[in-house]
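One letter stands for each residue in the lines below.
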Amino acid sequence: MTGQQGNVFKEIVARKKELAGKVLILCHHYQHEDVFQFADLTGDSLKLARQAAESGEYPYIIFCGVHFMAESADILTGADQAVILPDLQAGCPMADMATAEEVAAAWDELASVCAGQAVIPVTYVNSSARIKAFVGNRGGSVCTSSNAERVLAWALKKGEKVFFFPDEHLGRNSSKALGFADDEIVVWQRGKKLGGNSVQQLRQARTILWNGYCHVHQEFLVGQIHDWRRQIPGIKIIVHPECPWEVVSEADMSGSTERIIAAVQESAVGASWAIGTEANLVNRLQRQHPDKTIRLLAQTPCTCGTMSRITPANLLWVLDNLAQKKVVNQISVDAKIAAGARLALDRMLEI
Ligand code: SF4
């Protein structure tokens, strides 16, 4: 830690004390330790959404995560609360792979060839508020990596097929877990007529997957699993379901970041793990569990560049402004969009 960094840390602590009871700092597990240490509450997207919904007594929520998470927090918090994202450029590249315009056009195209079949839209929480509203207004739901299978099963009770945005891998992994055959799962390739599928393929599909992906979780490969098993006999491999199916099916376990944390915590002293998710979380687990061998599955750094746009410096800038009663970088979702998105989020919280 440099002297300058130390001063920023001290100023954040002082500002937090000054604003106690007014400011709640929510922090995603993928944040770097420099920011994570100042969190009041931490979690994955689902846990953070719930925490935001229950934070009524705080007028200011500082969200140390990415843009779509702050949007969900704004939708779930009261009108008298302000949600703040310390850097407005902290977006999720996967969420940006499905725009509302693209999704609406694909939906109409799909409807034109699937007449008489009920299609239920489901969006991963890693999507814009506009996509959530699109889904909510058409009877669909949001899902997270913790509940995607459950939401998919719910949707398939309501209709004959699901159009799933924007993460192809989470959609495939959840569909496979529900026992779907390969020809029941098709990929909708953006920019191609009928998403690159035939009419027959779309009519017989049960899940249609938008071809978005997380570049961080695409770094994990089956060969890395084999390497770790050779190097550390008995090692357990756990990966996030944003990883491709080949990796998930070869791993010992898969699950959300909360599930990964719980699996490591609950394992016996001396256990060995190779983990396929963002490196800041894996590094933290390593520090928290010196009695266990914990490795990042890949040799590459695997950090989320946009998540790390949130820094102690911009966190302090936000707090300094709040101390002067100024709200900067507020995330405010348009009321009409928020109403539709809330339908989709509330459905998920009920399922
Ligand atoms: S880790 Fe992947 S899915 Fe998560 S915010 Fe970063 S790019 Fe998006």
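A quick note: this is a predicted structure, and the numbers were derived from the prediction, not measured.

Quick look at unusual backbone geometry
Then, number 1: Positive phi, normally seen in glycine, also occurs at Leu194, with a value near 50°.
Then, number 2: For Leu194, the position within the fold is in the loop between β8 (185-188) and α9 (199-204).
Then, number 3: The phi torsion at Cys302 lies on the positive side, around 50°, for a residue other than glycine.
Then, number 4: Inspection of the secondary structure puts Cys302 in the loop between β13 (293-296) and α14 (312-323).
Then, number 5: Judged by the 22 C-beta atoms lying within 10 Å of it, Cys302 is buried.

Brief notes about the sheet that holds strand β3 (residues 60-64)
Then, number 1: Spatial strand order, β2-β1-β3-β4: four strands in an open sheet with parallel pairing. Of all strands in the sheet, those bounded by a partner on one side alone are β2 (41-43) and β4 (82-84). Across the sheet, the mean angle separating the axes of adjacent strands is 20° when strand polarity is ignored.
Then, number 2: With five bridges connecting them, strand β1 (residues 23-28) and β3 associate as parallel partners. Directly across from Leu24, in β3, lies its bridge partner Ile61.
Then, number 3: Together, β1, β3 and β4 form the strand contacts of helix α4 (residues 67-76), whose direction differs from that of β3 by roughly 155°.

Some points on the domain arrangement of the protein chain
The figure often quoted for interface size is the accessible area lost as the parts come together.
Then, number 1: By domain assignment, the protein chain separates into domain 1 (3-91 + 306-333), domain 2 (95-213) and domain 3 (217-296).
Then, number 2: Every contact between the two is made by 11 residues of domain 2 and, on the other side, 12 residues of domain 3.
Then, number 3: The element best represented in the side of domain 2 that touches domain 3 is helix α8 (residues 168-177), accounting for five residues.
Then, number 4: For the side of domain 2 that touches domain 3, the residue count by class is three nonpolar, five polar and three charged.

Focus: the site of the ligand
Then, number 1: Near the ligand, the surroundings consist of Tyr30, Val66, Cys92, Pro93, Met94, Asn126, Cys214, Val216, Glu278, Cys304, Thr306 and Met307.
Then, number 2: Residue classes in the shell around the ligand are distributed as nine nonpolar, two polar and one charged.

Concerning the nonpolar core
Then, number 1: Counting 108 residues, the largest nonpolar core has Leu26, Ile61, Phe63, Ala73 and Leu315 as the members making the most contacts within it.
Then, number 2: For Phe63, the contacting residues outside a window of four places in its chain are Leu26, Met69, Ala70, Ala73, Val83, Ile84 and Leu85.

Quick notes on helix α6 (residues 129-136)
Then, number 1: Burial within α6 is extensive, with eight of its eight residues counted as buried.
Then, number 2: Three or more residues of α6 are buried, namely Ala129, Arg130, Ile131, Lys132, Ala133, Phe134, Val135 and Gly136.
Then, number 3: Contacts made by the buried residues of α6 are with α4, α5 (100-113), β5 (119-124), β6 (141-143), β7 (161-165) and α15 (335-350).

The rules behind the values
- Throughout this document, residue positions are counted from 1 along each chain, in the order its sequence is written.
- Side-chain atom pairs in this predicted model are given and counted only at pLDDT of 80 or more, local residue features only at pLDDT of at least 70, and totals for whole chains, interfaces and linings cover all residues.
- Secondary structure elements are defined from DSSP: runs of H or I of at least 4 residues count as helices, runs of E of at least 2 residues count as strands, and each element is numbered from the N terminus.
- Each residue is classified by how many other C-beta atoms fall within 10 Å of its C-beta atom, where C-beta atoms are placed from the backbone; a count of 20 or more means buried, 12 or fewer means exposed, and values in between mean partly exposed.
- A pair of strands is treated as paired once DSSP finds two or more bridges between them.
- Simply put, an axis is a line fit to the C-alpha atoms, just over the touching stretch for a helix, and the angle between two N-to-C directions goes from 0 to 180 degrees.
- What counts as a contact here is a pair of residues whose C-beta atoms, placed from the backbone, lie within 7 Å.
- Per the annotation, domain bounds derive from an automatic or database assignment of domains.
- In this count, Pro and Cys sit with the nonpolar residues alongside Ala, Val, Leu, Ile, Met, Phe, Trp and Tyr, while Asp, Glu, Lys and Arg are called charged and the others, Gly among them, polar.
- Here, nearness is defined through the C-beta atom: a residue counts as near a molecule or strand if that backbone-placed atom lies within 6 Å of it.
- The term nonpolar core refers to a group of buried residues, namely Ala, Val, Leu, Ile, Met, Phe, Trp, Tyr and Cys, whose C-beta atoms join them within 7 Å.

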